[in-house]
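An overview of the molecular structure
Given next are the chains, with one letter for each unit.
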Amino acid sequence: TTKAFIFDLDGVIVDTAKYHYLAWKKIADQLGIEFTHEHNELLKGVSRVRSLDIILELGKVNASQEDKEKWLIQKNEDYLSYLVDMDESEILPGVFTILQFLKENNQPIALGSASKNARPILEKTGLLPYFDAVVDGNDVTNAKPDPEVFLMAAKLLNTKPEDSIVFEDSVAGVQAANIGNMTSIGIGEASTLHEAKYIFTDFTAIDTAFIEELIKG
Ligand code: B16
Ligand code: MG
């Protein structure tokens with residue numbers, strides 16, 4: 001059977017989580033809300049709109065729809081300013097080797113991201129040609145842990161969910177893969193991602209023999 005390899009973007013392929021953090025931190029500071037790196041974990045894999053709501057909940061701040069829309073625009077403009085100089089040097093260690101290996105073995109590859117900025121990031125890092133399908137925050141209505149984004153990616157690759165393998169750095173994303181009946185691979189801390197079927201600290205910890213097993217499996 002054919003497999004599908006589905007990659008999350010932020011925190012898996014590129015370390016954009018740090019830029020999301022900086023941009024949200026500015027909003028939080030403006031509003032006098034304490035926003036730490038631990039708080040930032042709550043925003044991983046979560047949509048932009050939901051992220052703002054979480055920050056406002058942390059600070060117990062009630063805001064008008066108008067203010068919220070203003071902050072969402074400000075956050076994204078600020079975030080985009082960090083991406084202006086982005087290039088292939090921001091691809092996380094080991095990712096390129098695995099993508100290359102999958103390509104050499106003719107394996108279908110898709111992106112499954114909550115971000116609405118996914119395509120420009122893939123273009124800037126030169127990775128867009130590696131992806132047979134891109135599903136991002138512009139395509140889905142239900143956020144992770146809803147499996148919609150990954151199910152859509154599998155469908156575009158003509159692969160059944162049970163033959164799909166998902167690489168994720170967020171708890172919500174691992175849950176989405178599991179709920180979608182896919183093989184979940186957590187990238188990050190085992191203590192955080194314990195719901196994943198396999199966990200690796202990063203892509204340098206994944207060898208091609210493991211990928212070969214997944215292809216055969
Ligand atoms: P944007 P992923 C997610 O991307 C990020 O993890 C999350 O922190 C961010 O809020 C979300 O994208 C929306 O991003 O503001 O660019 O639309 O991890 O699913 O690739
Ligand atoms: Mg992520």
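Residues numbered from 1 in each chain as written. Chains lettered and ligands numbered in written order. Predicted model: local features only at pLDDT ≥ 70, side-chain atom pairs only at ≥ 80, totals over all residues.

Per an unreviewed UniProt entry, the chain goes by Beta-phosphoglucomutase and derives from Flavobacterium sandaracinum. The annotation that UniProt attaches to the chain under Sequence similarities (unreviewed entry) is "Belongs to the HAD-like hydrolase superfamily. CbbY/CbbZ/Gph/YieH family." The Catalytic activity (unreviewed entry) comment attached to the chain in UniProt states, word for word, "beta-D-glucose 1-phosphate = beta-D-glucose 6-phosphate". (UniProt positions renumbered as here; feature names shortened; annotations may be inferred.)

With that out of the way, let us pick up the overall build of the chain. Each helix and strand counted, the chain has nine helices and six strands in total. Taken over C-alpha atoms, the radius of gyration comes to 17 Å for the chain, in line with the 17 Å a tight globule of 217 residues would show. Taking the principal axes of its C-alpha atoms as reference, the chain extends roughly 50 × 35 × 30 Å. A sequence separation of at least 24 residues applies to 60% of the contacts in the chain between residues at least 6 apart. (Helix = DSSP H or I, 4+ residues; strand = E, 2+ residues; numbered from the N terminus. Rg over C-alpha atoms; globule rule 2.2 N^0.38 Å. Contact = placed C-beta atoms within 7 Å.)

At a minimum axis distance of 10 Å, the contact between helix α3 (residues 48–58) and helix α4 (residues 65–83) shows a crossing angle of 115°. Looking at the two axes, α3 sits roughly perpendicular to α4. Seen from above, α3 lies across α4 with right-handed handedness. The segment α3 lies against α4, with Arg 48, Val 49 and Leu 52 engaging Lys 68, Trp 71, Leu 72 and Asn 76. (Axes fitted to C-alpha atoms, helices over the stretch in contact; angles between N-to-C directions. Parallel < 35°, antiparallel > 145°, perpendicular 65-115°, else oblique. Left-handed = near helix turned anticlockwise from the far one by under 90°.)

On to the nonpolar core, then. With 54 residues, the main nonpolar core has Ile 6 and Phe 150 as its most contacted residues. Element by element, the count of residues in this core is highest for helix α1 (residues 17–30), at six residues. With near-sequence residues (within four places) excluded, Phe 150 lies in contact with Ile 6, Gly 112, Ser 164, Val 166, Ala 176, Ala 177, Gly 180 and Met 182. (Core = buried A, V, L, I, M, F, W, Y, C linked by C-beta atoms within 7 Å. Buried ≥ 20, exposed ≤ 12 C-beta atoms within 10 Å, placed from the backbone.)

Turning our eyes to something else, we now look at the packing of α1 against α4. Relative to each other, α1 and α4 sit at 140°, their axes nearing to 9 Å. Considering the angle they form, α1 stands oblique to α4. Every pair of crossing elements has a handedness; the one defined by α1 and α4 is right-handed. Note on element contacts: α4 touches α1 through Trp 71, Gln 74, Lys 75, Asp 78, Tyr 79, Tyr 82 and Leu 83, opposite Tyr 19, His 20, Leu 22, Ala 23, Trp 24, Lys 26 and Ile 27.

With that out of the way, let us pick up the site of ligand 1. The local shell around ligand 1 holds 20 residues, among which Leu 9, Asp 10, Ser 113, Ala 114 and Lys 116 are the closest. Split into classes, the residues belonging to the shell around ligand 1 amount to four nonpolar, 11 polar and five charged. (Near = placed C-beta within 6 Å. Nonpolar A, V, L, I, M, F, W, Y, C, P; charged D, E, K, R; others polar.)

The next thing to look at is the pairing of strand β2 (residues 109–112). Consecutive side chains along a regular strand alternate between the two faces of the sheet. Alternating residues of β2 divide into Ile 109 and Leu 111 and Ala 110 and Gly 112, and every residue in both groups is buried. Pairing between strand β1 (residues 4–7) and β2: three bridges, direction parallel. Pairing of Phe 5 across the sheet is with Ile 109, part of β2. Assessed by its sense of winding, the connection that carries the chain from β2 through helix α6 (residues 118–124) to strand β3 (residues 133–135) is right-handed. (Pairing = 2+ DSSP bridges. Right-handed = clockwise from strand over helix to strand, strands pointing away.)

End to end, α4 covers 27 Å across 19 residues, agreeing with the expected 27 Å (1.5 Å per residue, within 8%). Buried residues of α4: Trp 71, Lys 75 and Tyr 79, and no others. Down the axis, α4 shows its buried residues gathered within 65° of arc, on one side only. Along α4, exposed side chains directed more than 90 degrees from the buried face belong to Glu 66, Ile 73, Glu 77 and Ser 81. Against α1 and α3 lie the buried residues of α4. (Expected span 1.5 Å × (residues − 1). Arc of directions from axis to C-beta.)

Of note, the amide linkage connecting Lys 144 to Pro 145 takes the cis form, showing an omega dihedral of 15°. With a phi close to 50°, Lys 60 is a non-glycine residue in the positive phi region. Looking at the element boundaries, Lys 60 is found in the loop between α3 and α4. Residues other than glycine seldom take positive phi values, yet Asn 158 does so here, at roughly 55°.

Let's shift gears to the UniProt feature "active site" (unreviewed entry) in the chain. According to UniProt, the "active site" (unreviewed entry) feature falls on Asp 8 and Asp 10. With respect to the helices and strands, Asp 8 occurs in the loop between β1 and α1. Leave out the neighbours within four places in its chain, and Asp 8 touches Gly 112, Ser 113, Phe 167, Glu 168, Asp 169 and Gly 173. Relative to the assigned elements, Asp 10 resides in the loop between β1 and α1. Its 24 C-beta neighbours within 10 Å are what place Asp 10 among the buried residues. Filtering out sequence-adjacent residues up to four positions away, Asp 10 remains in contact with Thr 16, Ala 17, His 20, Ser 113 and Ser 115.

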